[in-house]
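Per-entry structural report
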Amino acid sequence: MAAYNITIFFGLLFLFFAFSASLTVAEIHYHEFVVQETPVKRLCRTHNIITVNGQFPGPTLEARDGDTLVIKVVNFGRYNVSLHWHGIRQMRTPWADGPEYVTQCPIQPGASYTYRFTIEDQEGTLWWHAHSRWLRATVYGALIIYPKLGSSYPFPQPNHEVPILLGEWWDRDPINVLRQATFTGAAPNLSDAYTINAQPGDLYRCSSKETIRLPVDSGEKVLLRVINSALNQQLFFSVANHKLTVVGADAIYTKPFTTTVLVLGPGQTTDVILAADQPPARYYMAARAYDSTQNVPFDNTTTTAILEYKSARNTKKGGSSTPVFPRLPAFNDTPTVTAFTNKFRSLFTGKVPTEIDESLFFTIGFGFFNCVPGPRCQGPNGTRFGASMNNVSFVLPRSNSIQQAAYQGIPGVFTADFPAVPPVQFDYTGNVSRALWQPVRRTKAYRLKYGSSVQVVFQDTSIFTIENHPMHLHGYHFYVIASGFGNFNPARDTAKFNLVDPPMRNTFGVPTGGWAVIRFVADNPGAWLMHCHIDAHLSLGLAMVFLVENGVGELQSIEPPPPDLPPC
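An account of the accompanying structure is given in this report. (Residues numbered from 1 in each chain as written. Predicted model: local features only at pLDDT ≥ 70, side-chain atom pairs only at ≥ 80, totals over all residues. Heavy atoms only, no water.)

**Concerning the sheet that holds strand β8 (residues 140-146)**
Put simply, the rule reads: The rule for pairing is simple: two strands pair if DSSP sees at least two bridges between them. Secondary structure counts use DSSP, requiring at least four H or I residues in a row for a helix and at least two E residues in a row for a strand, with both numbered from the N terminus. Here an angle of 0 to 180 degrees is reported between the N-to-C directions of two axes, which are lines fitted to C-alpha atoms, with helices fitted over the stretch in contact.
As summarised here, the arrangement of the 4 strands in space is β3-β8-β7-β5, forming an open sheet in which the pairing is mixed. Two strands bound the open sheet, and with one partner strand each, they are β3 (61-64) and β5 (83-86). Sheet twist, expressed as the mean angle between neighbouring strand axes with direction ignored, is 20 degrees. Where strand β7 (residues 124-130) and β8 come together, 6 bridges link them in antiparallel fashion. Bridging from a neighbouring strand, Thr125 pairs with Ile144 of β8.

Here is the structure:
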C-alpha cells in the first residue's frame with residue numbers, strides 16, 4: 001500500500017512539474033521602437049528618412065508561437081504614425097492591429113503607444129510596417145515566429161536563416177510623392193530603385209560598395225525568409241543557377257515544391273530552402289517588377305544582392321569575379337505568375353468551411369472622379385484617379401477610429417451598409433460603360449456575426465486597366481480555394497474549388513483581369529481592414545472593413561481598449 005501511495009505521489013509530482021513547465025515556456029518580449037528621422041544615403045544623395053531606432057530596415061522581431069510581444073512605440077518623427085504587425089491574428093486584440101483610423105488613431109509626434117499581443121498558433125515569416133499614409137516605404141522590418149520549444153520545423157533544420165526584405169526607394173520624401181498625387185489626382189511618381197535589405201545593389205549609381213552579400217559554405221542549406229515590403233510593386237525574385245524549395249508562405253507551412261523564381265505581391269512572404277550545391281562562385285540574387293497592367297508606366301530597374309561561396313572569395317585578381325546573373329521572367333510574364341501561384345497547397349489539411357453563411361461578391365479596381373479642369377484634375381481626360389470595391393471608394397474617418405466608434409457606440413463615424421454584391425452587374429473584364437467609371441466616396445463596413453462562415457469572390461475590373469491586386473485581410477488567414485481569369489461564373493468555376501488542401505494566406509494576388517475565391521470563419525471580433533496592399537491603390541480607396549461582432553462570453557469578445565490608446 002505504501003509503495004502504491006509513493007507511486008501516486010511521484011506521479012502527481014511529475015504532472016505538477018510538467019504543467020508548471022508548460023506555463024513557463026511562453027515568454028514576454030519587451031521592445032521599444034523609437035520613430036525618428038535618420039540621414040540615409042542612397043543613389044548618391046542623403047535624405048532624412050523616417051526609421052525605427054535609426055535602422056533601415058527596422059529591427060527584426062523574433063518570438064516563438066505562444067509568446068507575447070509588448071512594443072512601446074515613441075514617435076519622435078515629424079508625421080503621425082501607427083504600426084501594423086502584418087499577418088498576426090490579433091485574437092480579441094484589434095487595438096494592437098495598427099491601421100490608422102481603423103483600429104486606432106495615429107500616434108502623434110511626441111506621443112507614445114504600447115502594442116501588446118500574443119501569437120497564437122502561428123509559425124513562420126511575417127513582418128511589421130507603418131500603416132500611416134506612405135510611411136511604410138522606410139518603416140518596416142521582419143517578424144520571425146519560431147516553433148514552440150520542443151517542436152521543430154516540418155522540414156530538415158537549415159544551417160542558416162536569413163531575412164530577405166524586398167523594398168522600393170524614392171529619391172525624395174515618399175510623403176511628398178503621395179501629397180503631390182493627392183493634389184493633382186494623377187498617378188504617383190514611380191520609385192527610383194528596388195532594394196534588397198534596403199540596398200539597391202550593383203546596377204544602380206553609387207550603390208555597389210553597399211550591395212548585400214550572403215556568404216555560404218558549399219553543402220549548406222539556407223532558409224531564406226523572403227518578404228515583399230515594396231510599397232507598390234509585385235516582384236519576381238531569383239538566385240542565379242540555384243533552385244529554391246518553397247516550404248511556407250505568410251507564416252503557414254506549405255507542401256514543398258521546387259522553383260527557380262518566386263513571385264510576391266506587396267505584403268506577401270515566402271520561405272524557401274536554398275541548397276548551396278553549385279560550383280563555388282558568386283551568384284546574384286535579383287528582383288524586378290512583375291507588371292500586370294496594360295500600357296501603364298512602372299519602375300523597370302533591377303535590384304541585386306550577392307550569394308557568395310566562401311571558398312570563392314580568394315579568387316585571383318586576374319580571374320573573373322563578376323557574379324552570375326539569374327534568368328528573370330519578362331516583366332509581363334503572367335503565365336509564370338499563374339504557374340507559380342497554382343503550386344501552393346497547405347501542408348496540413350484544414351477545416352475549409354463548406355456551409356456558407358455569408359456569400360459575398362466584391363469587384364475591385366480603378367475608377368475616375370469627374371472634376372472641374374485645373375491643377376487638381378490631372379488624371380486621364382481631366383479627371384481624378386480613384387479606386388473602389390463594389391463601387392465604394394473607401395474614405396478613412398478623421399474624428400475617431402472605426403473600432404473605437406463601434407466599441408463605444410459613437411454615431412457618424414461609419415455606416416455598416418457596405419454592399420454584399422456590386423450595385424450593378426456588368427461585363428467586369430470587358431468594355432465597361434463610362435457610366436460605371438465613377439464610384440462613391442464613403443466609409444462603409446460590412447457586419448459579420450461571430451462564427452459565421454464567409455465566402456468572398458474578388459473580381460478584377462477593366463476600368464482604366466486590369467491589374468493583379470494583392471488583397472490583404474487584417475486579423476485573419478483565409479483559404480484561397482480557387483482563382484482564374486475573366487469573369488467569375490459560378491456555374492462553371494465552382495467545380496474548380498479546392499476544399500481539401502487549399503493554401504492559406506493573409507495576402508493573395510487576384511489575377512489580372514480575373515477572380516479569386518476565399519473562405520474563412522469569422523472567429524475574431526473587431527474591425528478588420530481588407531484592402532489592396534499596393535499603397536497607391538489603398539490611398540485611392542481600394543478598401544473596406546469587416547466588422548465582426550462579439551460572440552458569447554469573454555473568450556469570444558473584444559478585450560477592453562488599453563488606457564494609452566492614442567486620441568484623435
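**Looking at the pairing of strand β25 (residues 453-460)**
Regular strands place side chains that alternate from one sheet face to the opposite one. What counts is decided by this rule: When accessible area is computed with a 1.4 Å probe and restricted to protein chains, residues below 20% of their type maximum are described as buried, those above 50% as exposed, and intermediate ones as partly exposed.
Taken across its 8 residues, β25 has 8 buried, putting it largely inside the fold. Residues Ser453, Gln455, Val457 and Gln459 line one face of β25 and the alternating positions Val454, Val456, Phe458 and Asp460 line the opposite face, and both faces are buried. Bridge analysis of strand β20 (residues 358-370) against β25 gives 7 bridges, and the strand direction is parallel. Looking across to β25, one finds that Thr363 is bridged to Gln459.

**Here we look at the pairing of strand β12 (residues 221-228)**
Where burial is concerned, most of β12 is hidden: 7 out of the 8 residues are buried. Two elements, strand β9 (residues 160-169) and β12, share 7 bridges in a ladder whose sense is parallel. Of the residues in β12, the one forming a bridge with Val162 is Leu224.

**Details of the environment of Asp357**
Using the following cut-off: In what follows, residue pairs with any heavy atoms lying within 4.5 Å of each other are defined as contacts. Side-chain atoms alone can form a polar contact between residues adjacent in sequence; in general such a contact is a pair of N or O atoms within 3.5 Å, and within protein one must be able to donate a hydrogen while the other accepts it.
Locating Asp357 in the fold gives a position in the loop between α3 (334-341) and β20. According to the relative accessible area criterion, Asp357 is exposed, its value standing at 53%. It is 8.1 Å that separates the C-alpha atoms of Asp357 and Gln455, two residues lying 98 residues apart in sequence. Beyond its immediate stretch of four places on either side in the chain, Asp357 contacts Gly451, Ser452 and Ser453. There is a polar contact of 2.8 Å between the side chain of Asp357 and the backbone nitrogen of Ser453.

Everything listed is a geometric property; what it means functionally is a separate question.
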